Amino acid sequence: MQGKRNLMQGLSLHYYTITHNWSKKGSATDFDEKEWFTTLSKTLFMDELIQKHSTIMDKYDPEKRIGLIVDEWGNWFDVEPGTNPGFLYQQNTLRDALVAGINLNIFNNHADRVKMSNIAQTINVLQSVILTKDDKMVLTPTYYVFKMYSVHQDATLIPANLKTDKYEMDGESVPAVNASASTKDGVISITLCNLNPNESESVEIAVAGNEFSTASGEILTADKMNAYNDFGKNESVSLKEFSVAKPKDGKLKVELPSKSVVLVQLK
């Protein structure tokens, strides 16, 4: 890399979240909490991958001129029954929304090195943002996460030191909350994921030194962890308004419902 760094602008990193293994990836919609936990646990590995890649890149490129490009990521499940195996068509549930939110938070928190990231495909393939059938179209839970997180585009990262409870299952655990924050045009945007499908999580955020006139929010969640949007039916997973109180005494308190992705904005 030492001799090639002046000939490149980016280094590609691919990592798919595979719940089981390459020969049996599992269903996109028919899964239990163990599979939910395993999927989210494996997608959190993206943070370790980026950290280790960044450590090596920092040695040879301390100016961070070369970007780390995560140009393939997302969930990969078995194709939907009855569909062409080669087309890699799969449905998209609230679990996919959490995976999208977690990854986008990770990329945001590594904005000094991650210069671009691309979900694997966008329409009808793997973790799509849009599904189509003849003249019909469905906006997936992943679509709504991308819409929610668009507030971070061209914004400035606010480094966050997050302390959170653990979400535990069968002797294993992951952080219950995943988050990132940024500021743009005088607005602070904080995106948070509650990985726990059973319990709400209380989050207290220090915002000392700032006076905010308004606090608003959006939330993406559903009654069931495998809820998804389908053709010819009302949406089961979409953005809703999320009520949040203004910070008091320099602290913002947010109650995150179970299995949710939340955006809080302070102005």
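Residues numbered from 1 in each chain as written. Predicted model: local features only at pLDDT ≥ 70, side-chain atom pairs only at ≥ 80, totals over all residues. Heavy atoms only, no water.

Asker: Explain the overall build of the chain here, please?
Answerer: Check the secondary structure of the chain and you find 4 helices and 15 strands. Rg of the C-alpha trace for the chain: 19 Å, near the compact-globule value of 18 Å for 267 residues, within the 12% margin. With the C-alpha coordinates aligned to their principal axes, the bounding extent of the chain is approximately 55 × 55 × 45 Å. In the chain, the share of contacts with a sequence separation of at least 24, taken over all contacts with a separation of at least 6, comes to 75%. A total accessible area of about 13,600 Å² is found for the chain, and carbon and sulfur atoms account for 49% of it. Computing the positive centroid from 28 side-chain charges and the negative centroid from 34, the chain places the two 4 Å apart. (Helix = DSSP H or I, 4+ residues; strand = E, 2+ residues; numbered from the N terminus. Rg over C-alpha atoms; globule rule 2.2 N^0.38 Å. Contact = heavy atoms within 4.5 Å. Areas by Shrake-Rupley, 256 points an atom, 1.4 Å probe, with all protein chains shown as cover. Lys, Arg positive; Asp, Glu negative; His and termini not counted. Charge placed at Lys NZ, Arg CZ, Asp CG, Glu CD.)

Asker: Explain the sheet that holds strand S2 (residues 67-75) to me, please; I cannot follow it from the model alone.
Answerer: Pairing between sheet strands relies on hydrogen bonds along the backbone, with the strands arranged either parallel or antiparallel. Read across the sheet, 3 strands follow the order S1-S2-S3 without closing on themselves; strand pairing throughout is parallel. Two strands close off the open sheet at either side, each with one partner strand: strand S1 (10-17) and strand S3 (114-119). Pairs of neighbouring strands in the sheet enclose a mean axial angle of 20 degrees, with direction left out of account. Sheet topology note: the S2/S3 ladder contains 4 bridges and is parallel. Across the sheet, leucine 68 pairs through a bridge with valine 114, a residue of S3. Contacting S1, S2 and S3, helix H3 (residues 94-109) runs over the sheet at an angle of about 170 degrees to S2. (Pairing = 2+ DSSP bridges. Axes fitted to C-alpha atoms, helices over the stretch in contact; angles between N-to-C directions.)

Asker: I would appreciate a short explanation of the packing of H3 against helix H4 (residues 141-149) in the present structure.
Answerer: In a packed pair of helices, the relevant descriptors are the angle between the two axes and the axis-to-axis distance. Close contact between H3 and H4 brings their axes to 7 Å; oriented N to C, the two are set at 30 degrees. Relative to H4, the element H3 is oriented roughly parallel. Judged by the twist between their axes, the crossing of H3 over H4 is right-handed. From H3, Leu94, Asp96, Ala97, Ala100, Gly101, Leu104 and Asn105 reach across to H4, where they touch Pro141, Thr142, Val145, Phe146 and Tyr149. (Parallel < 35°, antiparallel > 145°, perpendicular 65-115°, else oblique. Left-handed = near helix turned anticlockwise from the far one by under 90°.)

Asker: Explanation requested: the sheet that holds strand S10 (residues 187-194) in the structure shown.
Answerer: Pairing is antiparallel in the open sheet, where 6 strands are placed in the order S6-S9-S10-S15-S12-S13. Taken across any chain shown, the strands that pair with only one partner, and hence form the sheet edges, are strand S6 (156-157) and strand S13 (240-241). Packing against the sheet, H3 makes contact with S6, strand S9 (177-184), S10, strand S12 (215-220) and strand S15 (260-266), and its axis sits at approximately 55 degrees to S9. In the packing of H4 onto the sheet, the strands contacted are S10, S12 and S15, and the crossing angle to S12 comes to about 160 degrees.

Asker: Is there a simple way to explain the pattern of salt bridges in this structure?
Answerer: Should the charged atoms of two oppositely charged side chains come close, the side chains can pair. All chains considered together, the criterion is met by 10 salt bridges. Across the pair aspartate 58 and lysine 64 runs a salt bridge, and its minimum N-O distance is 2.9 Å. Classification of lysine 64 as partly exposed rests on a relative accessible area of 26%. When the shortest N-O distance is used, the salt bridge between lysine 64 and aspartate 112 registers 3.4 Å. Within this pair, whereas lysine 64 is found in the loop between helix H2 (45-60) and S2, its partner aspartate 112 is found in the loop between H3 and S3, the two being separated by 48 residues in sequence. Under the relative-accessibility criterion, aspartate 112 is labelled partly exposed at 41%. (Salt bridge = Lys/Arg side-chain N within 4 Å of Asp/Glu carboxyl O. Buried < 20%, exposed > 50% of the residue type's maximum accessible area, 1.4 Å probe, protein only.)

Asker: What is the right way to look at the packing of aromatic side chains in this model?
Answerer: All chains considered together, the criterion is met by 7 aromatic pairs. Taking the centre distance of 4.9 Å and the plane angle of 70 degrees together, the rings of tyrosine 16 and tryptophan 76 count as edge-to-face. Note that tyrosine 16 is positioned in strand S1 and tryptophan 76 in the loop between S2 and H3, a separation of 60 residues in sequence. By relative accessible area, tryptophan 76 is classed as buried at 16%. Taking 5.2 Å as the distance between ring centres and 85 degrees as the angle between the ring planes, the aromatic pair formed by tyrosine 143 and tyrosine 144 counts as edge-to-face. Note on tyrosine 143: relative accessible area 26%, which makes it partly exposed. Through a chain of ring-to-ring contacts, three or more aromatic side chains come together here, namely Tyr16, Trp22 and Trp76. Positioned above the aromatic ring of phenylalanine 31, the side-chain terminus of arginine 95 is 3.7 Å from the ring centre. (Phe/Tyr/Trp six-rings, centres within 6.5 Å; stacked < 30°, edge-to-face > 60°. Lys NZ or Arg CZ within 6 Å of the ring centre and 35° of its normal.)

Asker: What should I look at first to understand the nonpolar core in this one?
Answerer: Nonpolar side chains tend toward joint burial in soluble globular proteins. Met46, Ile50, Leu192, Leu220 and Leu252 are the most contacted members of the largest nonpolar core, which totals 68 residues. A per-element tally of this core places H3 first, with 9 residues. Ignoring sequence-local partners within four residues, the contact set of leucine 252 consists of Ile190, Val203, Glu204, Ile205, Val207, Val244, Ala245, Pro247, Val264 and Leu266. Among the nonpolar cores identified, the runner-up in size contains 5 residues, and Tyr16, Ile18, Ala120 and Leu126 belong to it. (Core = buried A, V, L, I, M, F, W, Y, C linked by side-chain atoms within 4.5 Å.)

Asker: Would you mind going over unusual backbone geometry with me for this structure?
Answerer: Excluding glycine, most residues fall at negative phi; most peptide bonds, likewise, are trans. Positive phi, close to 55 degrees, is recorded for lysine 64, a residue that is not glycine. Positive phi values are uncommon outside glycine, yet asparagine 124 reaches one of about 65 degrees. Mapped onto the secondary structure, asparagine 124 falls in the loop between S3 and strand S4 (130-133).

By themselves these figures say nothing about function.
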